[in-house]
2 protein chains.
Amino acid sequence: MNYIEQLGTKARAAAAVLAGLSTGEKNRALEQIGRMLLEKEQDILTANERDLEEAREKGMSQSLQDRLRLTEDRIASMAEACRHLAMLEDPVGVIEGGGVRPNGMRITKVRVPLGVAGMIYEARPNVTVDAAILCLKSGNAAILRGGKEAFHSNQCLAGIMRQALADTGLPEDAIALVEDTSRETAVMMMKANGYLDVLIPRGGAGLIRTVVEQASVPVIETGTGNCHVYVDATADLDMAVNIVDNGKTQRPSVCNAIESCLVHRDVAGKFLPMMKARLDAHQVELRGCPRTKEILGDCVTPATEEDYATEFLDYILAVKVVDSLDEALEHIRTYSTGHSECIVTKSLDAAERFQKQVDAAAVYVNCSTRFTDGNEFGLGAEIGISTQKLHARGPMGLTALTTIKYLINGQGQIRP
Amino acid sequence: MNYIEQLGTKARAAAAVLAGLSTGEKNRALEQIGRMLLEKEQDILTANERDLEEAREKGMSQSLQDRLRLTEDRIASMAEACRHLAMLEDPVGVIEGGGVRPNGMRITKVRVPLGVAGMIYEARPNVTVDAAILCLKSGNAAILRGGKEAFHSNQCLAGIMRQALADTGLPEDAIALVEDTSRETAVMMMKANGYLDVLIPRGGAGLIRTVVEQASVPVIETGTGNCHVYVDATADLDMAVNIVDNGKTQRPSVCNAIESCLVHRDVAGKFLPMMKARLDAHQVELRGCPRTKEILGDCVTPATEEDYATEFLDYILAVKVVDSLDEALEHIRTYSTGHSECIVTKSLDAAERFQKQVDAAAVYVNCSTRFTDGNEFGLGAEIGISTQKLHARGPMGLTALTTIKYLINGQGQIRP
């Protein structure tokens, strides 16, 4: 039995206990975690400082150091998230359907936890708390493998959470930190069939691709978003400028930010200068097709095929003038990662065709793709945004960490 | 682009058309497939005879030959399945939820096809029709890779179905047969990320294991069932005999048949001889623990650990006398594949503990595990029985071949 299988065996036993808990018992543990994170603030900051020191010694970039850093505010946010989760509805136990069969058997389809969830993530220590408490609320044990850069922070946070579980009479092993952060343990998690019911990678595109390619346990793929806004011939151009600007510049580093703007040729001459004027405030680099360049001039870099395929996550926007809605749909079909896509239009027909034909988790008419988010969608909490179609698609709330079970009650029925 | 990617590209284009069809259009194609299967009966039987001849030459076993064989009756059943599916409700377009957000955006969660589904299966040519028509009804394109033993049958059936699609104005490429049945094409399907939205293996445990271990596309694992009946101290023993007999002997080769009987020590002395008397009609071999052997004598083979872990799919039953419900739960936790588990009891407390604590797709009280089946559960049709927890669990109906999409309609909303 390898290291992950050992953790998995303990986690499986803890999961069996969690599955039987009442919502109240889980909520008390969440509240205790929240309280203890605040009480142990100094311990957390000290552990985090150790990680930061090592990071500085190794010359980690400022932006990565920022992800790694915990502050009093960030700890307070984690504690607040615990209290917030305690107030959310418990997905476990919800009856999703059922009825009495012709032979008198009663079938009840009931929502239950998945069991043991694995998370592989990178340098952000707040994911340790976030993932653990979402799993706890939904009745799952969690096996957490954060990046080695955040090791001391993660160890401290996991220790606090395990203590809080013990304090409230729950099994500590419901939250397990993978303390060996070598590449081997990541591979072990990907192959831990029978121990992990799901594996969710959270982080950059490289990490996610590796997990999707190598895992034999069920995976939920999250987060890659090559999102488009299509400005139709009938669009309200002021609205279109707002939506493109919001999609590109409000927070360029996230998956629901837009990477390309497609514009119908009938309005390109008027729209593109309006758009450029707005985006100039953030010095957005435009990479455009020849027609874009004709309209906007030398400020436009010629766009390559690769530009249209790239999730820039930066102040860069690819632009293309298209002849028709069909050409826009074809372009989106070619380059979309199936995350979030938007049309700006006044035409009912164009809106309906776009929403019907675009194959993405979230398809918008006349509003910003930046809304693809668990909280914005009213899910209360978010584990991630699924870009696969199996199990969950789009923003995942607590329900995405559950499955169903059929309970069948009879009076001696046998199959004829 | 490899062979599967080529098929996948055409299938993806066909899937885009399928996703936009009305239920009526899909039903007309299903009815045409049913009609043509009957019209072309002779062609099908001739192609099947070619496969059977080759099978006989290669010395294929009688039971495998039987799976491979098509008869007028079997063809009639396939045609009937098409008509039946045409009458079922279409899962596509069903609105699963939604509402208006505080900022006025309307969110609609709507059910849509998965896109392109891959199936890898073995020598049964009826799976070719079964899988294709389930995919068609749910709006998915299908890429079908049957075993080489059934090649001529499959080619004939796929050709007929493609013709029926063309006759009714649908894209032929919605149903694609993988004509190269080498091992390489199976591997290509497992790695066809971006081309296949789901891969479902149907067949023996070896095939399923290989696909689960090697695939990087999302997989639905089906069909392994090491199922138990636990006869509680308070059980109605006549009922228990019926349920064990039905579970073991009504059709031993299927996944919802039982493989083990656990019996509480308080009733073992009375129950086991009753059970043996009934099972003797089918000459069921019993492999038991020492206490079982003490009660039933030399007719019992000593059971090994491996026996308790084996899905016999045969007239063999493992038996164990347990001291308590807890011991039964522990045994099931150790050996269950999470398919179907049953308790026979008159105790409300025992029934509730069993249904709460057993982690399986279907947990029965006082009725046979043989009911774990799409038709018995009232799903109308069945693609398979999922033994994983992600996406689908237990019998899968048409809905298991769909996903959801969020449609968001606004009036210019941007994220503050």
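Residues numbered from 1 in each chain as written. Chains lettered and ligands numbered in written order. Predicted model: local features only at pLDDT ≥ 70, side-chain atom pairs only at ≥ 80, totals over all residues.

A few points about the overall build of chain A
Going by this rule: Secondary structure follows DSSP: runs of H or I at least 4 residues long count as helices, runs of E at least 2 residues long count as strands, and numbering of each begins at the N terminus. It is the C-beta atoms, placed from the backbone, that decide contacts: two residues are in contact if theirs lie within 7 Å.
Secondary structure assignment for chain A yields 15 helices and 16 strands. Partitioning the intrachain contacts of chain A with sequence separation of at least 6 by distance along the chain shows that 71% fall at a separation of at least 24.

Observations regarding the interface of chain A and chain B
Where we set the bar: Side-chain classes are defined by residue name, with Ala, Val, Leu, Ile, Met, Phe, Trp, Tyr, Cys and Pro counting as nonpolar, Asp, Glu, Lys and Arg as charged, and the others, Gly among them, as polar. Pairing between strands is defined by DSSP: at least two bridges between the two strands are required.
With 54 residues of chain A at the contact, the number on the chain B side is 54 residues. Elements with a contribution of two residues or more to the side of chain A that touches chain B: helix 9 (205–214), helix 10 (237–249), helix 15 (348–357), strand 13 (362–367) and strand 16 (402–413) of chain A. Top element by residues in the side of chain A that touches chain B is strand 16 of chain A. It accounts for 11 residues. Across the side of chain A that touches chain B, the residue classes tally to 23 nonpolar, 21 polar and 10 charged. Judged from the 5 bridges that link them, strand 13 of chain A and strand 16 (residues 402–413) of chain B form a sheet pairing that is parallel. Bridge pairing links Val363(A) to Leu407(B) in strand 16 of chain B.

Side note on the sheet that holds strand 4 (residues 141–145) of chain A
Residue and element names in this part refer to chain A. Keep this limit in mind: Axes here mean lines fitted to C-alpha atoms, for a helix over just the part in contact, with angles spanning 0 to 180 degrees between N-to-C directions.
Read from one edge of the open sheet, 4 strands run 5-4-3-6, paired in parallel fashion. Edge strands, defined here as strands with exactly one partner in the open sheet, are strand 5 (175–177) and strand 6 (198–202). Recorded for the sheet is a direction-independent mean angle of 20° between the axes of neighbouring strands. Running at roughly 145° to strand 4, helix 1 (residues 3–19) makes contact with strand 3 (116–121), strand 4 and strand 5 of the sheet. Of the strands in this sheet, strand 3, strand 4 and strand 6 are in contact with helix 8 (residues 183–190), which crosses strand 4 at around 145°.

Focus on the environment of Gly223(B)
Looking at where Gly223(B) falls in the secondary structure, it is placed in the loop between helix 9 (205–214) and strand 7 (227–231). The contact partners of Gly223(B), leaving out residues within four places of it in the chain, are Ile208(B), Cys255(B), Gly384(B), Ile385(B) and Thr387(B).

Looking at helix 2 (residues 23–39) of chain A
All names here are of chain A. Our working definition: Expected helix span is given by 1.5 Å per residue-to-residue step, counting one fewer step than there are residues. Counting other C-beta atoms within 10 Å of a residue's C-beta gives its exposure: the residue is buried at 20 or more, exposed at 12 or fewer, and partly exposed in between, where C-beta atoms are placed from the backbone.
Here helix 2 contains 17 residues, and its C-alpha end-to-end distance of 24 Å stays within 8% of the 24 Å for a straight helix at 1.5 Å per residue. Turning to helix 2, its buried residues number three or more, namely Lys 26, Asn 27, Ala 29, Leu 30, Gln 32, Ile 33, Gly 34 and Leu 37. On its buried side, helix 2 packs onto helix 5 (72–87), helix 6 (126–137) and helix 7 (151–167).

A closer look at the relation of the copies chain A and chain B
What counts here: The superposition of copies rests on a least-squares fit of C-alpha positions from residues with pLDDT of 70 or more in both.
Under the fitted operation, chain A is carried onto chain B by 0.0 Å of movement along the axis and a turn of 180°, and the coordinates agree to an RMSD of 0.0 Å. Such a combination of rotation and displacement between the chain copies is what one expects of a two-fold axis. Closest to the rotation axis within chain A is the C-alpha of His391(A), separated from it by 1.8 Å. Mapped onto chain B, 100% of the interface residues of chain A again fall at the interface, so both copies present the same surface.

What to know about helix 8 (residues 183–190) of chain B
Those residues of helix 8 of chain B that fall on the buried side of the exposure criterion are Ala186(B), Met188(B), Met189(B) and Met190(B). Elements in contact with the buried residues of helix 8 of chain B: helix 1 (3–19), strand 3 (116–121), strand 4 (141–145), strand 6 (198–202) and helix 9 of chain B.

What about the nonpolar core?
Filter applied, for reference: Working definition: the nonpolar core is a set of buried Ala, Val, Leu, Ile, Met, Phe, Trp, Tyr and Cys residues, joined through C-beta atoms within 7 Å.
Counting 156 residues, the largest nonpolar core has Ala142(A), Leu199(A), Ala142(B) and Leu199(B) as the members making the most contacts within it. Formed by 56 residues, the second largest nonpolar core is a distinct cluster that contains Leu279(A), Tyr308(A), Val358(A) and Phe371(A).

A few points about the packing of helix 3 (residues 41–57) of chain A against helix 7 of chain A
Residue and element names in this part refer to chain A. Operational definition: Roughly parallel refers to an angle under 35 degrees, roughly antiparallel to one over 145, roughly perpendicular to one between 65 and 115, and oblique to any angle outside these ranges. Note: crossing handedness is left-handed where the near helix turns anticlockwise from the far helix by less than a right angle, and right-handed where it turns clockwise.
Following both chains from N to C, one finds helix 3 and helix 7 inclined at 160°, their axes separated by 7 Å at the closest point. Our classification of the angle between helix 3 and helix 7 gives roughly antiparallel. Along this stretch, helix 3 crosses helix 7, giving a crossing that reads as right-handed. Of helix 7, the residues touching helix 3 (which contributes Asp 43, Ile 44, Ala 47, Asn 48, Arg 50 and Asp 51) are Phe 151, His 152, Ser 153, Gln 155, Cys 156 and Leu 157.

With respect to the environment of Arg278(B)
Residue and element names in this part refer to chain B. The topology assignment puts Arg 278 in helix 11 (residues 265–279). Put simply, Arg 278 and Val 244 are 34 residues apart on the chain and 9.4 Å apart in space, counted from C-alpha to C-alpha. Leaving out residues up to four positions away in the same chain, Arg 278 has contacts with Val 241 and Asp 245.

A short note on the domain arrangement of chain A
Inclusion rule: Where each domain begins and ends follows an automated or database-derived domain assignment.
One can read the domain layout of chain A as domain 1 (3–221 + 388–409) and domain 2 (227–371). In this structure, domain 1 of chain A and domain 2 of chain A have C-alpha centres spaced 36 Å apart.

Some remarks on the pairing of strand 8 (residues 258–264) of chain A
Residue and element names in this part refer to chain A. Put simply, the test is: Look down the strands so they point away from you; if the path from the first strand over the helix to the second goes clockwise, the crossover is right-handed.
The element strand 8 is extensively covered by neighbouring structure, given that 7 of its 7 residues are classed as buried. Strand direction decides the pairing type here: strand 7 (residues 227–231) and strand 8, joined by 5 bridges, are parallel. By the bridge assignment for strand 8, Val 231 is matched with Val 263. Between the parallel elements strand 7 and strand 8, the chain passes through helix 10 in a crossover that is right-handed. In terms of strand pairing, strand 8 meets strand 11 (residues 316–322) through 5 bridges, oriented parallel. By the bridge assignment for strand 11, Cys 261 is matched with Val 319.

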